[in-house]
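Each chain is listed here by its residues.
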Amino acid sequence: MIQWKEEIVIDADLETVWALFAVENMHRIMPNIAENRWKERKEGVVGSSFLQTYREGKRSETYEVSVVEYMDAPEEKRLRLAFVLAKAFEIDFAFTLRRIDDGRTKLGYEGSNRGVNFVGRAMTKLGGESNNKKVVADFLRTVEREATSR
């Protein structure tokens, strides 16, 4: 299993950063996401699910993403998602945003990627911790760039 937990401070207000995590905007911070569409939207958001299509080169895969946790308060926001990818990986991750002041937001990104079968476990070991750290750092930089580009 690979786990991560990182934080950055973004020079943008809380609502601007939070808007990037809306299902319809995720493609801005996750460039390989070709499409997100709601499958089931529940009141309070927790328990909702959407279909996400991930594309890398000519290969694409669609999987169901579940909203496990959702909080939208004036000073703090949290979104936790979970899905199974290629019947080989259980991925669970969360974004926590906290208002520092009117122009700065602290973003925490944590999660885990666990191989659920032989192939998934082998690929998780081969992918390595250093590659995962790069993916997480690149993601945080992408969120920061999108949040401050306006």
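Just above, that's the structure.
Here we summarise the structure given alongside this text. (Residues numbered from 1 in each chain as written. Predicted model: local features only at pLDDT ≥ 70, side-chain atom pairs only at ≥ 80, totals over all residues. Heavy atoms only, no water.)

Observations concerning the overall build of the chain
Then, in step 1: From N to C terminus, the chain includes three helices and seven strands.
Then, in step 2: Along its sequence from the N terminus, the chain presents helices and strands in the succession β-α-α-β-β-β-β-β-β-α.
Then, in step 3: For the chain, the C-alpha atoms occupy an extent of roughly 50 × 35 × 25 Å along the three principal directions.
Then, in step 4: Looking at the chain residue by residue over its 150 residues, the buried ones come to 38%.
Then, in step 5: In the chain, of all internal contacts separated by at least 6 residues, the share reaching a separation of at least 24 is 49%.
Then, in step 6: With an accessible surface of roughly 8800 Å², the chain has 49% of that area assigned to carbon and sulfur atoms.
Then, in step 7: Measuring between centres, the 25 positive side-chain charges of the chain sit 6 Å from its 25 negative side-chain charges. (Helix = DSSP H or I, 4+ residues; strand = E, 2+ residues; numbered from the N terminus. Buried < 20%, exposed > 50% of the residue type's maximum accessible area, 1.4 Å probe, protein only. Contact = heavy atoms within 4.5 Å. Areas by Shrake-Rupley, 256 points an atom, 1.4 Å probe, with all protein chains shown as cover. Lys, Arg positive; Asp, Glu negative; His and termini not counted. Charge placed at Lys NZ, Arg CZ, Asp CG, Glu CD.)

Let's talk about the packing of aromatic side chains
Then, in step 1: Enumeration over the complete set of coordinates arrives at 11 aromatic pairs.
Then, in step 2: Between Tyr63 and Phe83, the aromatic rings sit 4.6 Å apart at their centres with planes inclined by 15 degrees, giving stacked as the arrangement. One end of the pair, Tyr63, is in strand β4 (residues 59–72); the other, Phe83, is in strand β5 (residues 76–85), with 20 residues separating them in the sequence.
Then, in step 3: Judged by relative accessible area, Tyr63 falls into the buried class, the value being 8%.
Then, in step 4: According to the relative accessible area criterion, Phe83 is buried, its value standing at 11%.
Then, in step 5: Between Phe95 and Tyr109, the ring centres sit 5.1 Å apart and the planes meet at 15 degrees, which makes this aromatic pair stacked. Note that Phe95 is positioned in strand β6 (residues 89–101) and Tyr109 in strand β7 (residues 104–115), a separation of 14 residues in sequence.
Then, in step 6: Owing to a relative accessible area of 0%, Phe95 belongs among the buried residues under this scheme.
Then, in step 7: Aromatic rings pair up to connect Trp4, Phe21, Tyr63, Phe83, Phe93, Phe95, Tyr109 and Phe139 into one cluster. (Phe/Tyr/Trp six-rings, centres within 6.5 Å; stacked < 30°, edge-to-face > 60°.)

As for unusual backbone geometry
Then, in step 1: The backbone of Val45 sits at a positive phi, close to 75 degrees, despite the residue not being glycine.
Then, in step 2: Structurally, Val45 is set in the loop between β2 (33–40) and β3 (49–56).
Then, in step 3: In this model, Lys87 sits at a positive phi of 55 degrees, which is unusual for a non-glycine residue.
Then, in step 4: Examined against the element boundaries, Lys87 turns out to sit in the loop between β5 and β6.

So yeah, pure geometry; function would need other evidence.
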